[in-house]
Amino acid sequence: MALWLQRLAATVLLVIGATVGALAQSFAPALVYDLGGRFDKSFNEAAFTGAERFKAETGIAYREFEIRNDTQREQALRTFAQRGQNPIIAVGFAFRAAMEKVAGEFPNTRFVIIDATVDRPNVQNILFREHEGSYLVGLLAAMKSQTGAIGFVGGMDIPLIRKFACGYVQGARAGRADIRVIQNMTGTTGAAFSDPVRGGELARSQIAQGADVVYHAAGATGIGVLQATADSGKLGIGVDSNQNALHPGRVLTSMLKRVDVAIHAALVAGREGRWSSGTTVLGLAENGVDWADDEHNRPLITPAMREAVVKAADDIRAGRLRVHDVMAAGDCPVR
């Protein structure tokens, strides 16, 4: 081989080596949790579970931060970006404005946001079809109810949470046309997701009005909902993470929102160089939502209930059954 060709080959190998090394060094993930904290037994904890799974599989550590107030959203994202963390994952829709700003300041840093869309070339948006999973648990709730009344406790009164509620009511009506659904939202700020005392109060109020099954979509606030239903001898329905084990025999099921799967997939893609911007939407067909079925609630699910919910899930996946999406189509057609 000519000397100049040998030198060129050596130079190319050095460049490739340096590039691979730079890419490896650039993968330093970070996770910022929403209000309610890492161990909220719900939304944030699902994200933590996904990150921990990635860490166990790869041995790669990640940085994390639990915000205590809304002002820390932007601070946390910017601090991680300044320290070279990449990608940076924000767990929750409330990070949208902060990410819009910080992602613009750090165009070479990759960001991921759950439950919101940020139109930046360095941001990946991950959304879920929560209405599909909520339909399934609503169907089960109506079929299980002995009183003809069921409840829903939401966190912050926003379209995303109304999306859970509307799917729940649609499923309930499919299970029992005359079912009565009592609905309450906890508040109008982010604090509505971290108030278990208020969650318990709302659940007890609904139980006093006749509800014997209460579904929550309220983050850490929902811990109070599940406690109140269990204490009252009624049934609760968990959300996001599988909460069946919190009160075995007193949690009918949980609507699984697989934030853990989404976080794990985003980290794997980032490590393997497959990260991409844009929006990903995960529903039943993509295993992004489901209902929890395990040893803690299995005795509560009758054969008729199981048959109905399996059929409904299959129909949704196949497109034979379409659940109305409040966020896409406006008001809920059922109450």
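Conventions used here
- Every chain is numbered on its own, with residues counted from 1 as its sequence reads.
- The predicted origin of the model limits local features to residues at a pLDDT of at least 70 and limits the giving and counting of side-chain atom pairs to 80 or more, whereas totals for whole chains, interfaces and linings rest on all residues.
- Neither water nor hydrogens contribute to the side-chain values; these are computed over all heavy atoms in the structure.
- Stacked, tilted and edge-to-face are the three classes assigned to paired rings of Phe, Tyr and Trp, where Trp is represented by its six-membered ring and a pair needs centres within 6.5 Å; plane angles under 30 degrees give stacked, over 60 edge-to-face, the rest tilted.
- The helix and strand labels rest on DSSP assignments: H or I over at least four residues marks a helix, E over at least two residues marks a strand, and numbering proceeds from the N terminus.
- Think of it in three bands: residues with accessible area under 20% of the maximum for their type are buried, residues over 50% are exposed, and the middle band is partly exposed, with areas taken using a 1.4 Å probe on protein chains only.
- A ring is considered to have a charge above it if a Lys NZ or an Arg CZ atom is located within 6 Å of its centre and within 35 degrees of its normal.
- Nonpolar core, defined: a set of buried Ala, Val, Leu, Ile, Met, Phe, Trp, Tyr and Cys residues in which side-chain atoms within 4.5 Å join the residues together.
- What makes two residues a contact is simply this: any of their non-hydrogen atoms within 4.5 Å.
- What pLDDT conveys is the predictor's confidence in a given residue, as a value from 0 to 100.
- One speaks of a salt bridge when a side-chain nitrogen belonging to Lys or Arg is within 4 Å of a carboxyl oxygen belonging to Asp or Glu.
- The criterion for a disulfide is a pair of cysteine sulfur atoms lying within 2.5 Å.

Draft legend 1. Region of interest: the packing of aromatic side chains. For the structure shown, the criterion picks out six aromatic pairs. For the ring pair Phe27 and Phe54, a centre distance of 5.9 Å and an interplane angle of 65° mean the geometry is edge-to-face. Of this pair, Phe27 sits in the loop between helix 1 (3-26) and strand 1 (30-33) while Phe54 is found in helix 2 (residues 43-58), placing the two residues 27 residues apart along the sequence. The same class applies to Phe27 and to Phe54, which are both buried. Seen from their ring centres, Phe152 and Tyr215 are 5.6 Å apart, and the 65° between their planes marks the pair as edge-to-face. Taken together, the residues Phe152 in strand 6 (residues 149-156) and Tyr215 in strand 8 (residues 213-217) connect sequence positions 63 residues apart. Of the two residues examined, Phe152 and Tyr215, each falls in the buried class. Grouped by ring-pair contacts, the aromatic residues Phe152, Tyr168 and Tyr215 constitute a single cluster. Geometry around Phe95 places Arg73 over its ring, the cationic atom sitting 4.8 Å from the centre.

Draft legend 2. Seen up close, the nonpolar core. Core analysis: the largest hydrophobic core is formed by 65 residues, its most contacted members being Leu136, Phe164, Tyr168, Tyr215, Leu252 and Ile263. With sequence-adjacent residues up to four places away left out, Tyr168 is seen in contact with Ser134, Tyr135, Val137, Gly138, Ala141, Ile150, Gly151, Phe152, Val181, Val213, Tyr215 and Ile237. Counting 21 residues, the second largest nonpolar core, distinct from the first, contains Leu77, Phe80, Ala90 and Ala103.

Draft legend 3. A look at the confidence of the model for the chain. Looking at the chain as a whole, its pLDDT mean stands at 92, while 93% of the residues score no less than 70. Contacts for the low-pLDDT stretch residues 1-25, under 50 throughout, to residues beyond four places or in other chains number one contact.

Draft legend 4. How the structure looks around the environment of Gly224. Structurally, Gly224 is set in helix 8 (residues 221-231). A relative accessible area of 9% means that Gly224 is categorised as buried. Residues Gly224 and Tyr62, spaced 162 residues apart in sequence, show a C-alpha to C-alpha distance of 31 Å. Apart from residues no more than four positions distant in its own chain, Gly224 is found in contact with Pro196, Gly199 and Gly200.

Draft legend 5. Examining the pattern of salt bridges more closely. Per the stated rule, a full pass over the model turns up 24 salt bridges. The partner of Arg78 in a salt bridge is Glu74, and the shortest N-O contact between them spans 2.8 Å. You can see Arg78 and its partner Glu74 sitting in helix 3 (residues 72-82), four residues apart, about one turn around the helix. A residue is classified by how much of its surface remains accessible, and Arg78, at 19% relative accessible area, is buried. Of the charged contacts in the structure, one is a salt bridge between Arg306 and Asp293, with a shortest N-O distance of 2.7 Å. Taken together, the residues span a long stretch of sequence, with Arg306 in helix 10 (residues 303-318) and Asp293 in the loop between strand 12 (289-291) and helix 10 at a distance of 13 residues. When salt bridges that share partners are traced, they join Glu74, Arg78, Lys101 and Glu105 into one network.

Draft legend 6. Region of interest: the state of the cysteines. Going through the model one piece at a time under the given rule, you end up with one disulfide. The disulfide bridge from Cys166 ends at Cys332, spanning 2.1 Å between sulfur atoms. On the sign convention where negative means left-handed, the S-S torsion of about 85° between Cys166 and Cys332 marks this disulfide as right-handed. Highlighted residues: Cys166 in helix 6 (residues 159-175) and Cys332 in the segment after helix 11 (326-329), separated in sequence by 166 residues. One exposure class covers both Cys166 and Cys332, and it is buried.

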